[in-house]
Amino acid sequence: MPFQSQRPKLILSSDVKESLSVIQRSRMKSAQRVERAKMMMKYASGKSVSAIARELKTNRPRVGRCIDKALEIGALPALNDLGGRGQKPKIGGDERTWIVNLACQKPKDLGYSYELWTTALLAKHARKNADTAGYPTLRKISRGTISKILTSNKIRPHKINYYLERRDPEFDIKMAQVLFVYKQVEMLRKKALESEQDMRVAILSYDEKPGIQAIENTAPDLLPTPGKHESVSRDYEYVRHGTLSLMAGIDLLSGHVHGVVVDRNRSREFIGFLENIDQHYPQTTLIRIVLDNHSAHISKETRAWLAKKPNRFEFIFTPKHGSWLNMIETFFGKMAKSFLRGIRVQSKEDLKKRIMLYLQEVNESPVVFRWKYKMDDVVLV
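To keep things clear, this report deals only with the structure shown in the data block. For every chain, the first residue of the written sequence is number 1, and numbering continues from 1 onward in sequence order. Totals for whole chains, interfaces and linings use all residues, but because this is a predicted model, local features are given only for residues with pLDDT of at least 70 and pairs of side-chain atoms are given and counted only at 80 or more. Side-chain numbers come from the whole structure's heavy atoms, not from hydrogens or water.

1. Describing the sheet that holds strand β5 (residues 313-317)
Pairing between sheet strands relies on hydrogen bonds along the backbone, with the strands arranged either parallel or antiparallel. Reading across from one edge, β3-β2-β1-β4-β5 is the order of the five strands in this open sheet, with mixed pairing throughout. Each end of this open sheet is capped by a strand with a single partner; those strands are β3 (257-262) and β5. Within this sheet the neighbouring strands show an average axis-to-axis angle of 30 degrees, counted without direction. Two strands qualify as a pair provided DSSP detects at least 2 bridges between them. The helix count covers DSSP runs of H or I at least four residues long, the strand count covers runs of E at least two residues long, and both are numbered beginning at the N terminus. In this structure, strand β1 (residues 201-217) lies alongside strand β4 (residues 286-291), joined through five bridges in parallel fashion. By the bridge assignment for β4, Leu204 is matched with Ile289. Contacts are assigned to residue pairs that have any heavy atoms within 4.5 Å of one another. Here an axis means a line fitted to C-alpha atoms, over the contact stretch when the element is a helix, while the angle between two N-to-C directions is reported on a 0 to 180 degree scale. In the packing of helix α11 (residues 328-337) onto the sheet, contacts are made with β1, β2 (238-251) and β3, and the angle to β1 comes to roughly 25 degrees.

2. So, the environment of Ser152
Assignment of secondary structure puts Ser152 in helix α7 (residues 143-152). Only protein chains enter the accessibility calculation, which uses a 1.4 Å probe; a residue whose area is less than 20% of its type maximum is buried, one above 50% is exposed, and one in between is partly exposed. A relative accessible area of 52% places Ser152 in the exposed class. For the pair Ser152 and Ala304, spaced 152 residues apart in the sequence, the C-alpha separation amounts to 62 Å.

3. Digging into the packing of helix α2 (residues 31-44) against helix α4 (residues 60-73)
The axes of two packed helices give the description: the angle between them and the distance between them. Contact geometry of α2 with α4 gives a least axis separation of 10 Å together with a crossing angle of 75 degrees. Here α2 is positioned roughly perpendicular relative to α4, judged by the angle of their axes. Counting all contacts with α2, which are made through Glu35, Arg36, Met39, Met40 and Tyr43, the residues of α4 involved are Arg62, Val63, Cys66, Ile67, Lys69 and Ala70. Looking at the contact of α2 with α4 residue by residue, the classes come out as seven nonpolar, no polar and four charged. Note that the term roughly parallel is reserved for angles under 35 degrees, roughly antiparallel for angles over 145, roughly perpendicular for angles of 65 to 115, and oblique for everything else. Basically, the charged four are Asp, Glu, Lys and Arg, the nonpolar ten are Ala, Val, Leu, Ile, Met, Phe, Trp, Tyr, Cys and Pro, and anything else, Gly included, counts as polar.

4. Focus on the pairing of β4
With respect to burial, β4 is a largely interior element, five of its six residues being buried. As defined by bridge partners, β4 adjoins β5 across five bridges and the pair is classed as parallel. By the bridge assignment, Ile289 is partnered in β5 with Phe315. A crossover counts as right-handed when, viewed with the strands pointing away from the observer, the path leading from the first strand over the helix to the second turns clockwise. Traced from β4 through helix α10 (residues 300-307) to β5, the parallel crossover comes out right-handed.

Structure follows, in structure tokens:
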């Protein structure tokens, strides 16, 4: 007697048959939905579970589960996975909290050489200390699971975002003073253009750029060659000849850059810069200088020299840890990205000559600073 299945027949309406037929021919649907549609269509046509498994090159239990689900809830709903499937997660809330707490600490504080976590290192630490912490389910935790836990909690311990700490209790007051100077620049330039009179004040933004390296090649650069080398080729080896510092001040009214290249940043070098400035402007001109709180700017030696020049200089100090308010930093940034990028010299003296030549070229076409914002728009927080 032939085998007869105990499983009921699957009866499909014409609409359902048409939908399943479209799905089983589709190239856009998931492979799982296409396979399930084929199983149900074949079973409804009278084929056995074993025959369907052979035709679709799968196993009988897989086909049987699909048919049973279609008999229970209907053919079209059976195309989807039911909720509650799969193994429940073993890692609970306490374990996840412990992982996040670890990620919020530095590895070096836990005995590692690393400054920042990697998922591999964090997973290794969690596995190693799981029993001690009372979380045995984490004995075999993987870096992938660590990554998912951190992502779900929006924690990225391998990244660094920089911030600026406010260290000066008088930050707001000093910042307002600097911004007011920049506003004065705009007003003075406008007045000078209208009256065509010489201004009796000079406003400078001053700072030092230390550590400019004098680096020499050990082999000549290979210049670009059409069809061969599209860029400059350079040998990796080089020779260091030391460093120099640039003491520079940009005249915010004219755009002229005053510069002195020195070996060190001491009071005597700063006084030398002030002497050059003193000789450059008429003696009736008041010289305002925006500068930071470097010790050389307020030393006894500097103050003694300034005492010999009463009513000649006026210093406006930027807040502590707030030298970014100084406009000369913009000039230094442009200088680093253009002139100093990849520079090679034969000696410190050669570097000094190149820097002074650069300043000469800049002063041939000076860029005048223009303050673009109104003081009413500045919000102090």
